[in-house]
Amino acid sequence: MNTLVRPMHDVRRTLDIDLVADFTCPWSWLGMVQLTRALGNLSGDIETRLRWHPFRMTPEQRANASPRSFHDYLAERLPPGISVPFAEKSLTEAGRELGIDFHFEKLGALPSTAEAHRLVQLAADEGHHANVAAAIFRAYFERGVDIGDVDVLAGIAAEAGLSEIIIRTFRETRAGDSALAGSEDRLRGFGVRSVPNLLFGGRVLVPGTLNVATYVHALDQALFPSESEEEPQQPTLH
């Protein structure tokens, strides 16, 4: 891909990017990787700051309730007329172009993503949240590991470079719980009902998973708003 965001003429700019996602959502992972590709097209001295916003698409399982499968969850999210095998085939092909190796056959009961989101919230303190989030996605969709297990997540975090201090905090305390609940409440208040959602510079919203070219265009709009365009007053997700 050769499309580049316009150069900044050596003027440093900072751009906040808000990503609303969930770890059992394959489109969330596609969107995150496409965003990474789009950011590679930036030129000039631009600092981007990714802010992770957890939004669980499935409620926690009630005690003694029958576990839901990933495939049931996927079927509920598909539009009428689209089958799970067709969706998985399409996702696999889209992922392959981005270096993602989906293995849906390895996915069984749908795990809770609460602990995974809590870990990413803590990783943000060290600036490792993007690496940790990507590692969680890869562990789940490529290896089918249980990302609802604290010990499994601690191992993923260590491999992603998170410090022992943060990992110990994650395993031995409930730090991050209130931030998770508060983030989801705010997002529902803004009308968020699905994932992924990307907000560039607090002004350009891209709902759903599109393509790298669309994200490049959104970056361009966020960095270079038209002088005649009135700046919209939008609530911040942070």
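Treat the numbers as computed from the prediction; the structure is a model and nothing was measured.

Peer 1: What exactly am I supposed to notice about the nonpolar core here?
Peer 2: One broad trend across soluble globular proteins is that nonpolar side chains are buried collectively. Of all hydrophobic cores here, the largest spans 66 residues; its most connected members are F23, W52, F70, I136, F141 and F200. Setting aside anything within four residues of it in sequence, one finds F200 in contact with L15, D16, I17, L35, V206, Y215, A218, L219 and A222.

Peer 1: Can you walk me through the pattern of salt bridges in this structure?
Peer 2: Opposite charge on two side chains permits pairing when their charged atoms draw close. For the structure on display, the rule yields 12 salt bridges. Among the salt bridges present, the one from D16 reaches R49, with a minimum N-O distance of 2.7 Å. With D16 in strand β1 (residues 13-21) and R49 in strand β2 (residues 46-54), this residue pair connects regions lying 33 residues apart in the sequence. Its relative accessible area of 18% is what places D16 among the buried residues. The shortest N-O distance in the salt bridge between K89 and E93 comes to 2.6 Å. Here the residue K89 and the residue E93 both occupy positions in helix α3 (residues 84-97), the gap between them amounting to four residues, near one helical turn.

Peer 1: Quick question: what am I supposed to make of the side chain of T24 here?
Peer 2: By secondary structure assignment, the location of T24 is in the loop between β1 and α1 (26-39). Looking at T24, the relative accessible area reads 1%, which means it is buried. In contact with T24, other than residues within four places in its own chain, are F70, Y73, L110, P111, T113, Y140 and F141.

Peer 1: Sorry if this is basic, but what is going on with α1 here?
Peer 2: Three- or four-residue spacings in an α-helix give side chains the same orientation, since the helix completes a turn every 3.6 residues. With 14 residues, α1 should cover 20 Å at 1.5 Å per step; its first-to-last C-alpha distance of 20 Å lies within 8% of that length. Of all 14 residues in α1, 10 are buried; the element is thus mostly enclosed. By the burial criterion, the buried members of α1 are P26, S28, W29, L30, G31, M32, V33, Q34, L35 and A38.

Peer 1: I tried to follow the packing of aromatic side chains on my own but got confused; where do I start?
Peer 2: Two numbers describe a pair of aromatic rings. These are the distance of the centres and the angle of the planes. For the structure shown, the criterion picks out 15 aromatic pairs. Centre to centre, the rings of W29 and F102 are 5.7 Å apart; their planes meet at 85°, and the pair counts as edge-to-face. With W29 in helix α1 and F102 in the loop between α3 and α4 (114-123), this residue pair connects regions lying 73 residues apart in the sequence. By relative accessible area, W29 is classed as buried at 1%. Ring centres of W29 and F137 lie 6.1 Å apart, and the angle between their planes is 5°; this geometry places the pair in the stacked category. Linking W29 in helix α1 with F137 in helix α5 (residues 129-143), this pair joins segments that are 108 residues apart in sequence. Classification of F137 as buried rests on a relative accessible area of 0%. Ring-pair connections join several aromatic residues into one group, and the members of that group are F23, W29, W52, F70, Y73, F102, F104, F137, Y140 and F141.

Thresholds, definitions, all that
- Residues numbered from 1 in each chain as written.
- Predicted model: local features only at pLDDT ≥ 70, side-chain atom pairs only at ≥ 80, totals over all residues.
- Heavy atoms only, no water.
- Core = buried A, V, L, I, M, F, W, Y, C linked by side-chain atoms within 4.5 Å.
- Buried < 20%, exposed > 50% of the residue type's maximum accessible area, 1.4 Å probe, protein only.
- Contact = heavy atoms within 4.5 Å.
- Salt bridge = Lys/Arg side-chain N within 4 Å of Asp/Glu carboxyl O.
- Helix = DSSP H or I, 4+ residues; strand = E, 2+ residues; numbered from the N terminus.
- Expected span 1.5 Å × (residues − 1).
- Phe/Tyr/Trp six-rings, centres within 6.5 Å; stacked < 30°, edge-to-face > 60°.

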